[in-house]
Amino acid sequence: MKVSWRTLSTVLLEEELLDKAFSRAKKAADRVDDPDRTFRVRKQMTRMVQTAADIISTQCIDLVNAWPSLDHSPLFDVAMIDACVGCDEYRKNLATLQWAANQVQRIAGQNAKKIIRTGRVELMHDARREAYGRISSIMRQISPALDWLSDARETLKRLPKIDPVLPCVVVCGAPNVGKSAFISALSTGNMEVNHYPFTTKQIHVGHFMHRRLQYQLVDTPGLLDRPMEQRNYIEMQAIAALEHVGSLVLFLVDESESCGTPYEEQLHLLEEVETLLPETELMVVTSKADLLTPQPEMWDEVKAAEEDWNANGQEGEPALPLLMDPKGRVTMSATEFVGMDAMRLEIVRRVKEARPNDPMVLPEGWHRSDQ
Ligand SMILES: Nc1nc2c(ncn2[C@@H]2O[C@H](COP(=O)(O)OP(=O)(O)O)[C@@H](O)[C@H]2O)c(=O)[nH]1
Ligand SMILES: [Mg+2]
């Protein structure tokens, strides 16, 4: 099941939920019409108690059902939930709502019985009043859980959406090396702009399609861009989460140093990323090829090959020449758009190598009926 945190409905807090429950209950009572006073009051009071309990238990149960179960969530989501709000709290607060739903229904049942069993109108009113008091007391007890879930929803809404089944390229490197520019240059369609809940920096999640398979490109500002000792527990968790979804890590190096981080320091960071994501295939790429002096030898050749390929409708999967820098690393310019198409095809090849048992790829000799 794929959950979008953005579609979870708002959590009504203690006061809001009580107001809603009691005002609906009153309306339900107002609709009762019976000439016999005893019958009328009995119906009114039972309806009030039952309606109030139903409204409250429905919100609680709906919430418990709508929020993803941690046992059935992708590892990336679980790691992010743990990093951002805490899995134990998450479970505990949802369990509290489940408990409250049962309690208010039990109270409604008990007091409805009292109302039905008496013939005295004032005792019916007393039983209704008692039910309201007990329901309010339950609501007071779950108020902290409602507050917590409401805050958690705001936090989790801002998480980047990553589909664990699809290839995912994690783009990292020091600040300002061109991660965001690279992702926008490679992406087609809408780019999602997001924040990790623990950083105010914008993150970009982009996509491109190749052979009907969507490739995700994830930005990592504030995560894989500074020395290890400056990272806190939450950030470490988030980094661990990336290893669960990353098919390939691209580490961008800005040799021009226009990013502000010295070259040596960037290489130090690279070593750290290698130790932080040991299971994921890593590719080092030089960004901002247009700023290299001298210009990469193959600049004109790559540019012409890419222009040709685009002019011919991007037919096939040619071995477009990769732009290389003098150090022998693949390079590209996101602003001049040179080396980008070659890079995209290289990413596809690398991801394929890194995911030999890709569930989306059919075995040799099989054909999709719609191809
Ligand atoms: N000349 C040049 N500048 C670039 C290139 N890519 C990014 N930049 C510039 O580098 C700065 C930082 O880029 P940005 O993508 O925000 O870096 P991020 O912090 O790694 O996401 C911006 O001013 C970009 O315009 C490139 O290929 N060539
Ligand atoms: Mg950026």
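No experiment lies behind these values; they were computed from the predicted model shown.

Definitions and limits used
Residues numbered from 1 in each chain as written. Chains lettered and ligands numbered in written order. Predicted model: local features only at pLDDT ≥ 70, side-chain atom pairs only at ≥ 80, totals over all residues. Helix = DSSP H or I, 4+ residues; strand = E, 2+ residues; numbered from the N terminus. Rg over C-alpha atoms; globule rule 2.2 N^0.38 Å. Buried ≥ 20, exposed ≤ 12 C-beta atoms within 10 Å, placed from the backbone. Contact = placed C-beta atoms within 7 Å. Domains from an automatic or database assignment. Near = placed C-beta within 6 Å. Nonpolar A, V, L, I, M, F, W, Y, C, P; charged D, E, K, R; others polar. Expected span 1.5 Å × (residues − 1). Arc of directions from axis to C-beta. Core = buried A, V, L, I, M, F, W, Y, C linked by C-beta atoms within 7 Å. Pairing = 2+ DSSP bridges.

Peer 1: Which parts of the structure should I look at to understand the overall build of the chain?
Peer 2: When you go through the chain residue by residue, the secondary structure sums to ten helices and seven strands. Taken against the 2.2 N^0.38 rule, which gives 21 Å for 371 residues, the C-alpha radius of gyration of the chain at 29 Å runs more than 25% over that of a compact globule. Its C-alpha atoms give the chain principal-axis dimensions of about 100 × 55 × 30 Å. In the chain, buried positions account for 35% of the 371 residues. For the chain, the share of sequence-separated contacts (at least 6 apart) that also reach a separation of at least 24 residues comes to 72%.

Peer 1: Even after reading the chapter, I still don't get the domain arrangement of the chain, so can you show me in this structure?
Peer 2: Size of an interface, as often reported, equals the accessible area lost when the parts are brought together. Entries for the chain in the domain assignment read domain 1 (10-156) and domain 2 (168-354). If you average the C-alpha positions of domain 1 and of domain 2, the two centres end up 50 Å apart. Counting residues at the interface gives eight residues for domain 1 and nine residues for domain 2. Sorting elements by how many residues they give to the side of domain 1 that touches domain 2 places helix α3 (residues 75-84) first, with seven residues.

Peer 1: Looking at this model, I keep getting lost on the site of ligand 1. Mind explaining?
Peer 2: Taken together, 15 residues lie near ligand 1, and G178, K179, S180, A181 and K288 sit nearest. Across the shell around ligand 1, the residue classes tally to six nonpolar, six polar and three charged.

Peer 1: Any chance you could explain helix α1 (residues 14-30) here in plain terms?
Peer 2: Given 3.6 residues to a turn, an α-helix orients residues that are three or four positions apart in the same direction. Taking 1.5 Å per residue as the helical rise, α1 with its 17 residues ought to reach 24 Å, and the 24 Å between its terminal C-alpha atoms agrees with that figure. Taken together, the buried positions of α1 are occupied by L18, A21 and A25. Buried residues of α1, seen end-on, are gathered within an arc of 70° and therefore sit on one face of the element. The exposed residues of α1 that point more than 90 degrees off its buried face are E15, D19, K27 and D30. Where α1 is buried, its residues touch α2 (37-66) and α5 (121-156).

Peer 1: I would appreciate a short explanation of the nonpolar core in the present structure.
Peer 2: As a rule of thumb, nonpolar side chains are buried together in soluble globular proteins. Counting residues in hydrophobic clusters, the biggest one holds 85 residues, and the most contacted among them are A52, V104, I135, V169 and V171. Among the elements that line this core, the one with the most residues is α5, at twelve residues. Three or more residues apiece are contributed to this core by two domains, here domain 1 (10-156) and domain 2 (168-354). For V169, the contacting residues outside a window of four places in its chain are Y215, Q216, L217, V218, S247, L248, L250 and I347.

Peer 1: How should unusual backbone geometry be read in this particular structure?
Peer 2: Of all residues except glycine, most have a negative phi; of all peptide bonds, most are trans. Cis rather than trans, the peptide bond between T293 and P294 has omega equal to -5°. Tracing the sequence through the fold places P294 in the loop between β6 (282-286) and α9 (299-311). The backbone of K288 sits at a positive phi, close to 55°, despite the residue not being glycine. Here K288 shows up in the loop between β6 and α9. Judged by the 24 C-beta atoms lying within 10 Å of it, K288 falls in the buried class.

Peer 1: Mind showing me how you'd approach the pairing of strand β3 (residues 203-210) here?
Peer 2: As a general feature of sheets, a regular strand has side chains that alternate between the two faces. Taken together, the three bridges between strand β2 (residues 192-194) and β3 define a ladder with antiparallel strand orientation. In the strand pairing of β3, V193 is matched with H204. Pairing analysis gives six bridges linking β3 to strand β4 (residues 213-219), with the strands arranged antiparallel. Bridging from a neighbouring strand, G206 pairs with L217 of β4. Count of turn residues in the β3/β4 antiparallel hairpin: two residues, of which R211 carries a positive phi of about 50°.

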